[in-house]
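# Fold and contact review
Below are the chains, spelled out letter by letter.
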Amino acid sequence: MSPIIMDEWDDKPKHECGIAALYHLPHRGFSKLAPAAGPDQVSRLMPRMLLDLQNRGQLAAGFSSFNPEREKILDTHKQIGTVIEAFRLNHHEKYETLMKEYGGRAAIGHVRYATCGANDRRYAQPFERYHGCKWKWFSFAFNGQLANYTQLRDELLSQTDYHLTRNTDTEIIMHYLSHALSRSIDHAPDLGDVFSALSEKFDGAYNLVFLNAVGDMVVLRDPNGFRPLCWAMDGPLFAAASESVALFNLGFSEIRHMEPGEMIIIQNGEMRHQRLTKTVKRSHCFFEWIYFANAASNLDGKSVYQSRSSLGKELARQERELGLVPLDNDTVIVPVPDTAKAAADAMAHELGLPSVEGLMRNRYVGRTFIEGQNRAERVQLKYTPLREVLEGKRVLLIEDTIVRSTTMKTLLKDLKTRGNAREIHVRVACPPIIAPCFYGIDMSTVTELFAPRYFQGKAPSIEALNNMARDLGADSLLYLPLSSIPRAIDLPESDLCMACINGDYPTEVGSKLYQISLKAVLNHKQETNPGTKLGNHNRTYEMGGEGVAPSCS
């Protein structure tokens, strides 16, 4: 029996990475936030920043640092595992050795989760491209996914003697960057022009941090702003990160959010802001607020915790309106740990019911290699129902989302058999996931999704909900409506990407990939059921990912 990695069977949607950057600008004094070792050792702050971004990826971690006094001016350390494992934070002497070896006045960092690609160090970021010319020697890290990966790959391979060693859009970006930098032979090209030109080629989500052996740094957010990115200054110390919590915990007092299509460029000790492109369509991924981001973060001026709390209030309002469950002394609210807790607490407060931890999560499992006979045993390793809390109770089980449903089915069975709950009514603080994501969430086919098996369109009927509840093993099931999401986040619907819950994609390639998938499903249906017709693009079918190339950070 082969060992199983715990998070390989977790039904939760996974993200594609987090990025960070640090720079202590020269000749401007000393920041009080810099490490005691001095401004030339500011890279020591990177592991601490990446710890606060660990929620965005636990597969690998790494950083590149710049030190002009070092033989290897630009140097990269990266390893498989969590930040603690990659930087040896539990071994003081080994950690100190790493920090001394890679010490520098500037650094970029990355935590990785991937939807594809091998679980080995070659896929860990940052990617470093060595060159004898210092401005062609660079390192970069990337958060997101290029929707037009296939076209970019084919264009690259059509050129003489190009070869790809990894099936990842990160390598595609590296080659396009190398090509752009190599066009100029005797002088370094303007980095603003380089990245602006690349933005015309890239479609999708691609927040990026870049550092070269001259000491130039670029931090940029794609023109749609799919993923969050923020920055701060304390005197001469500049820092940027995917989430505000990483900057707040370093001690920065004024944290700013980068606009979609904005670049920050540091050259010759000076920092400037520049537009990546004139064309900007705000498409913030709503999943950041309801699931991915650290609850302590503030994204684009909107609190993650308060957004999740607002979702709980939306659940409470819906519960009152529909009145499916008696709200009496026999009813308790139980969150699925951990991201559903804020919604559960707010819902309980609104309804005057207790919010109890009837389900405890083993927080020490992590990416553990375990032996297990079946899914039930693996779920039991991760979650423990508290019979003392659940026995004989009518449970409103609050979940932030249901993607594939397999863990939820096992969990519900466990709550009834081991927890002895009388009834379990599942309430989801999100609309049903009905469509693939081509921008960096690992749900690229509809066949793996739970909801589309039961209904077509954007909202399930009562009959569909009853059938879904029956197959899950729940006494009832309710999702939030689409209108609840922008209301809870407090952003206009037009500023949010909600493609996975409404089928409306914010980029041209995303829409095309969806249509390709629909056609593939239609062809399959026509083979088995002649006469099947294709509906409008808002209808959802059980579809594979034909025509969609694998891609990962």
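Here is what the cut-offs are and how they apply
- Position labels on residues start from 1 in each chain and follow its written sequence.
- For this predicted model, a pLDDT threshold of at least 70 governs which residues receive local features, and a threshold of 80 or more governs which side-chain atom pairs are given and counted, while totals over whole chains, interfaces and linings are taken from all residues.
- Computation of side-chain values covers all heavy atoms of the structure but excludes hydrogens and water.
- In DSSP terms, a helix is any run of H or I states spanning at least four residues, a strand is any run of E spanning at least two, and both are numbered starting from the N terminus.
- Residues are treated as being in contact if the distance between any of their heavy atoms lies within 4.5 Å.
- Note on areas: Shrake-Rupley, 1.4 Å probe, and residue coverage restricted to the protein chains presented here.
- Being paired, for any two strands, means DSSP has found at least two bridges between them.
- The axes are straight lines fitted to the C-alpha atoms, using for helices just the contacting stretch, and the angles between their N-to-C directions are given from 0 to 180°.
- Put plainly, a pocket is an open set of points on a 1 Å grid over the protein atoms alone with protein on both sides within 12 Å along at least five of seven lines, a cavity is a set where a 1.4 Å probe fits but cannot get out, and a lining residue has an atom within 4 Å of a point.
- Grid points are joined across faces, edges and corners, and a volume is the space filled by probe spheres set on the points.
- Residues are grouped as follows: Ala, Val, Leu, Ile, Met, Phe, Trp, Tyr, Cys and Pro are nonpolar; Asp, Glu, Lys and Arg are charged; every other residue, Gly included, is polar.
- We call two directions roughly parallel when the angle between them is under 35 degrees, roughly antiparallel when it is over 145, roughly perpendicular when it lies between 65 and 115, and oblique otherwise.
- Should the near helix be turned anticlockwise from the far one by less than a right angle, the crossing is termed left-handed; should it be turned clockwise, right-handed.
- Pairs were defined over the aromatic rings of Phe, Tyr and Trp, the Trp ring being its six-membered one, requiring ring centres within 6.5 Å. Orientation was assigned from the angle between planes: stacked under 30 degrees, edge-to-face over 60, tilted for the rest.
- Any residue under 20% of the maximum accessible area for its type is buried, any over 50% is exposed, and the rest in between are partly exposed; the area is computed with a 1.4 Å probe on protein chains only.
- Handedness is read with the strands pointing away from the viewer; a crossover is right-handed when the path from the first strand over the helix to the second is clockwise.
- Between N or O atoms, a polar contact is any pair within 3.5 Å; within protein, one atom must be a potential hydrogen donor and the other a potential acceptor, and residues adjacent in sequence are included only when both atoms are from side chains.

A separate point is the overall build of the chain. For the chain, the count of helices and strands is 17 helices and 25 strands. Once local pairs closer than 6 in sequence are excluded, the contacts in the chain between residues at least 24 apart make up 72%. Put simply, the chain shows about 21900 Å² of open surface, and 48% of that area lies on carbon and sulfur atoms.

In space, the six strands of this open sheet follow the order β6-β7-β8-β9-β13-β14, with antiparallel pairing throughout. Both outer strands of the open sheet, β6 (127-129) and β14 (270-275), are each paired with one neighbouring strand and no more. Geometrically, the sheet is characterised by an average inter-axis angle of 20° between neighbouring strands, direction not taken into account. Inspection of the sheet shows strand β13 (residues 262-267) paired to β14 by six bridges, in the antiparallel sense. Bridge pairing in β14 links Glu-262 to Arg-275. Packing of helix α5 (residues 169-182) onto the sheet brings it into contact with β6, β7 (138-146) and β8 (204-212), and relative to β7 it is tilted by some 130°.

Moving on, we get to empty space enclosed by the protein. Counting across every chain of the model gives five cavities of 30 Å³ or more. The calculated volume of the second largest cavity comes to roughly 80 Å³. Residues that form the lining of the second largest cavity fall into these classes: eleven nonpolar, no polar and one charged.

Leftover empty space is mapped by rolling, across the atoms, a probe with the size of a water molecule. Here the second largest pocket is characterised by a volume of approximately 360 Å³. Around the second largest pocket sit 18 residues that line it, and Ser-199, Phe-202, Asp-203, Pro-223 and Asn-224 are the ones nearest its centre. Those elements that place two or more of their residues in the lining of the second largest pocket are α6 (191-201), β8 and α17 (508-528). Considering every element that reaches the lining of the second largest pocket, the biggest residue donor is α6, with three residues. When its residues are assigned to classes, the lining of the second largest pocket shows six nonpolar, seven polar and five charged.

What follows covers the packing of helix α9 (residues 304-322) against helix α10 (residues 341-351). When two helices pack together, their arrangement is given by the angle between the helix axes and by the axis-to-axis distance. Between α9 and α10, whose axes approach to 7 Å, the crossing angle comes to 45°. One way to sum up the angle between α9 and α10 is to call them oblique. Handedness of the crossing formed by α9 with α10: right-handed. For the pair α9 and α10, contact is made by Tyr-305, Arg-308, Ser-309, Gly-312, Lys-313, Leu-315, Ala-316, Glu-319 and Arg-320 and by Ala-342, Ala-343, Ala-346, Met-347, Glu-350 and Leu-351, respectively. Along the lines of polarity and charge, the residues of the contact of α9 with α10 split into eight nonpolar, two polar and five charged.

As a further point, take the environment of Leu-220. With respect to the helices and strands, the residue Leu-220 is situated in strand β9 (residues 217-220). Put simply, Leu-220 and Phe-142 are 78 residues apart on the chain and 9.9 Å apart in space, counted from C-alpha to C-alpha. Beyond its immediate chain neighbours, meaning those up to four positions away, Leu-220 contacts Phe-195, Tyr-206, Asn-207, Leu-208, Leu-229, Met-258, Glu-262, Met-263 and Leu-276.

If you walk through the whole model with that rule in mind, you get 18 aromatic pairs. Plain terms: the ring middles of Phe-202 and Tyr-206 are 5.4 Å apart, the flat faces sit at 80° to each other, and that makes the pair edge-to-face. Here Phe-202 falls in the buried class, since its relative accessible area comes to 10%. Taking relative accessible area as the criterion, Tyr-206 reaches 5% and is therefore assigned buried. In this structure an aromatic cluster arises from ring pairing among Phe-127, Phe-138, Phe-140, Phe-195 and Phe-210.

Moving on to the pairing of strand β23 (residues 423-428). Most of β23 is tucked away, with five of its six residues classed as buried. Sheet topology note: the strand β22 (residues 394-399)/β23 ladder contains six bridges and is parallel. Within the sheet, the bridge partner assigned to Leu-396 lies in β23 and is His-425. Handedness of the crossover joining β22 and β23 through helix α13 (residues 406-417): right-handed.

Attention now goes to the side chain of Asp-234. Among the secondary structure elements, Asp-234 is positioned in strand β10 (residues 230-234). Reaching out from Asp-234, the side chain makes a polar contact with the side chain of Lys-32 at a distance of 2.6 Å. Once residues lying within four places of it in the same chain are set aside, the contact partners of Asp-234 are Ser-31, Lys-32, Leu-33 and Phe-252.

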